[in-house]
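What follows is the residue order along each chain.
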Amino acid sequence: QVQLVESGGGLVQAGGSLRLSCAASGRTFSMYNYAMGWFRQAPGKEREFVASITWSGGTTYYVDSVKGRFTISRDNTKNTVYLQMNSLKPEDTAVYYCASRFSVSSSVTDDPGKYMYWGQGTQVTVSS
């Protein structure tokens, strides 16, 4: 079993920045075996893919709406994945979820069904 705990959400004005963190743990968990992703869900909308990163950090993938503004990264020695969010817009307001999937390949995916473990989410609110 893998536990994921997000942090770093909050209220920010449009144009501002936030850095989300996702700490992973588990009895036999090894960060080196897992690709990671960030998803978000706004009120009344379906959960949406935001970004993903391979186990090594060598490949990343973003939804078009955040390209150039968000950066996903990871520190396997700290069992943590990050989402740096810059130039935030009101439409970025959502609950942000961290997710993991067992994978040591170089492929990335935006399919939430491919991710096995999910965090509880952290609220990001961007005011105009």
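Summarised in this report is the structure supplied together with it. This one's a predicted model, so the numbers in the text were calculated from it and none came from an experiment.

**Points about the pairing of strand β5 (residues 48-53)**
Most of β5 sits inside the fold, with five of its six residues counted as buried. In terms of strand pairing, strand β4 (residues 34-41) meets β5 through five bridges, oriented antiparallel. Counterpart to R40 in the pairing with β5 is E48. Following β4, the chain reverses through six residues before pairing antiparallel with β5; G44 in that reversal takes a positive phi of roughly 75°. As paired strands, β5 and strand β6 (residues 60-62) are joined by three bridges and run antiparallel to one another. Each residue of the ladder has a partner; that of I53, found in β6, is T60. What sits between the antiparallel neighbours β5 and β6 is a turn of six residues, in which G57 has the positive phi angle 85°.

**Overview of the environment of T60**
Relative to the assigned elements, T60 resides in strand β6. Distance in space between the C-alpha atoms of T60 and S106 is 9.5 Å, their sequence separation being 46 residues. What T60 contacts, discounting residues up to four positions off in sequence, is S52, I53 and I72.

**With respect to the pattern of salt bridges**
For the coordinates displayed, the defined rule picks out four salt bridges. Residue R40 pairs with E48 through a salt bridge whose shortest N-O separation is 2.7 Å. Judged by its relative accessible area of 31%, E48 falls in the partly exposed class. Between K67 and D64 there is a salt bridge, with its nearest N and O atoms 3.0 Å apart. Accessibility expressed as a relative area gives 60% for D64, which makes it exposed.

Cut-offs and rules
Residues numbered from 1 in each chain as written. Predicted model: local features only at pLDDT ≥ 70, side-chain atom pairs only at ≥ 80, totals over all residues. Heavy atoms only, no water. Buried < 20%, exposed > 50% of the residue type's maximum accessible area, 1.4 Å probe, protein only. Helix = DSSP H or I, 4+ residues; strand = E, 2+ residues; numbered from the N terminus. Pairing = 2+ DSSP bridges. Contact = heavy atoms within 4.5 Å. Salt bridge = Lys/Arg side-chain N within 4 Å of Asp/Glu carboxyl O.

These values are about where atoms sit, not about what they do.
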